[in-house]
Amino acid sequence: MGRLLLLRGALGVLIVVLVIWSLQRKLIYFPDRSAPPLAAGASAVTLRTDDGLRLEAWLVKPPLGTRERPLSVLVAHGNAGHRASRMPLASALASLGVTVLLLDYRGYGGNPGRPSEDGLRLDALAGRTFLDSLGLPIIYYGESLGAAVVTSLAVRHPPAGLVLRSPFTSLAAAGRFHYPWLPVGALLWDRYPVASQISQVKVPTVVVYGTADTVVPAAQSAEVARRAGRLTAEVVIPGADHNDRAMLDGPELLAAVETLTQAIG
């Protein structure tokens, strides 16, 4: 009887693991698939990926009366929502005098396709290609999962500077934090190995994170900063959680971006 119960228990665990394995991307990516209405201050642009998708994004230029800088920022958001929820960030960055491209991934914000690590890399590259056409040096700004996306892009296509907001060391490490009872490393299709890639990026880099982050442990972001190939600043925001307003467009975060623009010159 004991063996039978043990076998049933093992079978139950196996079934759970198989279900999670088959549905894992639904546990990683939480897109708002609706197409948001165009925000005030933004203009709609279309990006073309190397695998044939047409993605909608928003371009936000410095407001009238702002001294424009010859810089652009590619914003890659986290794993949830869509570009409209990052418009406060884009507006705040534009107020610094830079031109901002607010990227939305495949499967997000009315865009076609389904998100994956390879797919998001192509989406970010399409954003880079668009900004290249403007002739402006580019800063990559990545939020959480987006930090992993732009780190990968920076290895292949170095920017003028890099901002990583709440980066994890790898998706497996982030997964083990939330699902410690699962063999996450063996199950994942998408890896996002930030910590092993960031040392290859030799451009001015700023890492920003909160000490009370319940999504990405602060220790993981600190480790990314420690491994950065050219760390300009490590900005730690006391008491800030992952989705607090301070981590969207707060003064410490904007000051960190300003620090990076000065390092770039």
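Shown above is the structure to which this text applies.
Okay, so let's go over this structure. Nothing here was measured: the structure is a model prediction, and the numbers come from that model. (Residues numbered from 1 in each chain as written. Predicted model: local features only at pLDDT ≥ 70, side-chain atom pairs only at ≥ 80, totals over all residues. Heavy atoms only, no water.)

Looking down a regular strand, the side chains alternate between one sheet face and the other. Judged by how many residues are buried, strand S3 (residues 54–60) sits mostly within the fold: 5 of 7 residues are covered. When strand S2 (residues 42–48) meets S3, the two strands line up antiparallel, connected through 7 bridges. By the bridge assignment for S3, alanine 44 is matched with tryptophan 58. The loop that links S2 with its antiparallel partner S3 comprises 5 residues; one of these, glycine 52, has a positive phi angle of about 95°. (Buried < 20%, exposed > 50% of the residue type's maximum accessible area, 1.4 Å probe, protein only. Helix = DSSP H or I, 4+ residues; strand = E, 2+ residues; numbered from the N terminus. Pairing = 2+ DSSP bridges.)

On to the packing of aromatic side chains, then. Think of a pair of aromatic rings as described by two things: how far the centres are apart, and how the planes are tilted against each other in angle. On inspection of all chains with the given rule, the structure shows 1 aromatic pair. Aromatic pair tyrosine 105 and tyrosine 108: ring centres 5.5 Å apart, planes at 80°, arrangement edge-to-face. When its relative accessible area of 0% is taken as the criterion, tyrosine 108 is described as buried. (Phe/Tyr/Trp six-rings, centres within 6.5 Å; stacked < 30°, edge-to-face > 60°.)

Its identity is not glycine, yet serine 144 carries a phi of approximately 60°, on the positive side. Residue position: serine 144 is located in the loop between strand S7 (138–143) and helix H5 (145–156). Residue serine 144 is classed as buried on the basis of its relative accessible area, which comes to 7%. Residue tyrosine 192 is not a glycine yet carries a positive backbone phi of 45°. By the secondary structure assignment, tyrosine 192 is in the loop between helix H7 (184–187) and helix H8 (194–198). In this structure tyrosine 192 comes out as buried when scored by relative accessible area, which is 3%.

Time to look at the layout of surface pockets. One number sums up the size of the largest pocket: a volume of about 690 Å³. Surrounding the largest pocket, 30 residues form its lining, Leu27, Ile28, Phe30, Asn79 and Val215 being those nearest its centre. Listing elements by their share of the lining of the largest pocket, those giving two or more residues are helix H2 (24–28), helix H6 (171–178) and H7. Ranked by the residues each element gives to the lining of the largest pocket, the list is headed by H6, at 4 residues. (1 Å grid on protein atoms, 1.4 Å probe; cavity = no way out; pocket = protein on both sides within 12 Å on 5 of 7 lines; lining within 4 Å. Points joined across faces, edges and corners; volume = space filled by probe spheres on them.)

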